[in-house]
Amino acid sequence: MIVYLFWFFLIALLLSCALTTQQQTQRNQQRDQQQSKPQNNGQRQAQQRPQNGDQTIQVGDVQRTYYLHVPSSYDGTKPVPLVLVFHGGGGNGKGMEGFTGFSALADGKSFIVAYPDGIDHRWRSQPETTPEDQKVNDVGFVSTLIDHLSQTFNIDPKRVYAAGMSNGGVFAYRLACEISGKIAAIASVAGAMSANEASRCNPDQPVAIIAFHGTDDPIIHYQGGTVRSLSNSEDVLSVPDTIARWRRIDGCSATVQAEAVPHVNSADQTHVEREGPSNCEKGAPVELYTIAGGGHTWPGAFQYLPEGLIGKMNKDVSATELIWDFFMHHAKP
């Protein structure tokens, strides 16, 4: 068990450091480009607001932090989508920016993306039971952050989304349960639904779901069970049970269409199967991408640790691009 916890912590630590130098270079280039362009009144007004970089917000007695990326095309004249991206256990928001590539995508697709930081580098992905965790109030933080960014920028309230990996992916399911009125869709990569949260999940509004999970994930097993880290442990549902539960919540039919995704990379030893979208009476579909032979990875990103530690990464699909495409087609009514 000690060896397992050591590797879990090491995996999270290395992931949080990914692409830091490259991120700084990209931010400097974007800043120089912005400064060299002539500005209209709307752009000057927008630049007086918080822009790219580390940000803080007060939530009760706790100061919370997040990393913000606003595309250079934003001028405040029309509402834009907001995407919140949650890191895994041991990680941080800035590390997720380079790892997922959402900021680069936001520049091309014109949406704002925020990367919140969990206290102690983790998210309380199940209902809090200790005074310390209750004080953290991660769900309250996210709800307040959405309100804050909506007041600061021209955010479309029908197009607010959440995506996360690992512990962040488990947390995304909790957000769908508890603040469904503010979130149109969530994406979970290498995460499953907390069994504790599942027992009480009763969202006020439907939430569209897209999920990615490897069958050989050594951290959060495809078949569920207890997930342990240095700081806590929790039981999660299996991936099939997680998806089945959300299909019931969103009023989806029991009949599911499954199709193999074309295998385009001959060096890739994993394969992808897509399930859904099924017919959902509430207008919020539930999709699952199962990566046969895949590990605790973000499809289409990079192999951040050896396969012997985290398993294989699929290169046939880009989770980031598929997530955005799914979000783009699913706004609140």
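Predicted model only: the values in this text are computed from it and were never measured.

### Regarding the side chain of S143
Next up, step 1: With respect to the secondary-structure elements, S143 resides in helix α7 (residues 138-152).
Next up, step 2: Owing to a relative accessible area of 15%, S143 belongs among the buried residues under this scheme.
Next up, step 3: Setting aside its immediate chain neighbours within four residues, S143 contacts I179 and K182.

### Focus: the confidence of the model for the protein chain
Next up, step 1: The share of residues in the protein chain with pLDDT of 70 or more is 84%, and the mean pLDDT across the chain is 87.
Next up, step 2: Confidence drops under pLDDT 50 across residues 1-10; counting only partners more than four residues distant or on other chains, this segment forms twelve contacts.
Next up, step 3: Low pLDDT, under 50, characterises residues 16-48; the predicted model gives this stretch 31 contacts beyond four residues in sequence or across chains.

### Remarks on the pattern of salt bridges
Opposite charge on two side chains permits them to pair, given that their charged atoms come into close proximity.
Next up, step 1: Counted under the stated rule, the structure contains 13 salt bridges.
Next up, step 2: Ionic pairing is found between E197 and R200, a salt bridge with its closest N-O pair at 3.8 Å.
Next up, step 3: Assessed through its relative accessible area of 2%, E197 is described here as buried.
Next up, step 4: Between E287 and R274 there is a salt bridge, with its nearest N and O atoms 3.4 Å apart. A residue pair is termed long-range when its members are at least 10 positions apart, and E287 in strand β12 (residues 286-292) and R274 in strand β11 (residues 271-275) qualify at 13 residues.
Next up, step 5: Residue classification places R274 among the buried positions, given a relative accessible area of 17%.
Next up, step 6: Through salt bridges with shared partners, one network takes in R174, E178, E197 and R200.

### Brief notes about the packing of aromatic side chains
Next up, step 1: Taken as a whole, this structure holds 13 aromatic pairs when the rule is applied.
Next up, step 2: With centroids separated by 5.1 Å and ring planes inclined at 85 degrees, the aromatic side chains of F86 and W123 adopt a geometry described as edge-to-face. Of the two residues, F86 sits in strand β3 (residues 80-86) while W123 sits in the loop between β4 (112-116) and α6 (131-136), which places them 37 residues apart along the sequence. For the pair F86 and W123, a shared accessibility class is recorded, and that class is buried.

### Quick look at unusual backbone geometry
Next up, step 1: In this structure, D120 is a non-glycine residue whose phi angle is positive, near 60 degrees.
Next up, step 2: The topology assignment puts D120 in the loop between β4 and α6.
Next up, step 3: Residue classification places D120 among the exposed residues on the basis of a relative accessible area of 58%.
Next up, step 4: Although it is not a glycine, S166 sits at a positive phi angle of roughly 60 degrees.
Next up, step 5: Along the chain, S166 turns up in the loop between β5 (155-165) and α8 (167-178).

Thresholds, definitions, all that
- Residues numbered from 1 in each chain as written.
- Predicted model: local features only at pLDDT ≥ 70, side-chain atom pairs only at ≥ 80, totals over all residues.
- Heavy atoms only, no water.
- Helix = DSSP H or I, 4+ residues; strand = E, 2+ residues; numbered from the N terminus.
- Buried < 20%, exposed > 50% of the residue type's maximum accessible area, 1.4 Å probe, protein only.
- Contact = heavy atoms within 4.5 Å.
- pLDDT = per-residue confidence, 0-100.
- Salt bridge = Lys/Arg side-chain N within 4 Å of Asp/Glu carboxyl O.
- Phe/Tyr/Trp six-rings, centres within 6.5 Å; stacked < 30°, edge-to-face > 60°.

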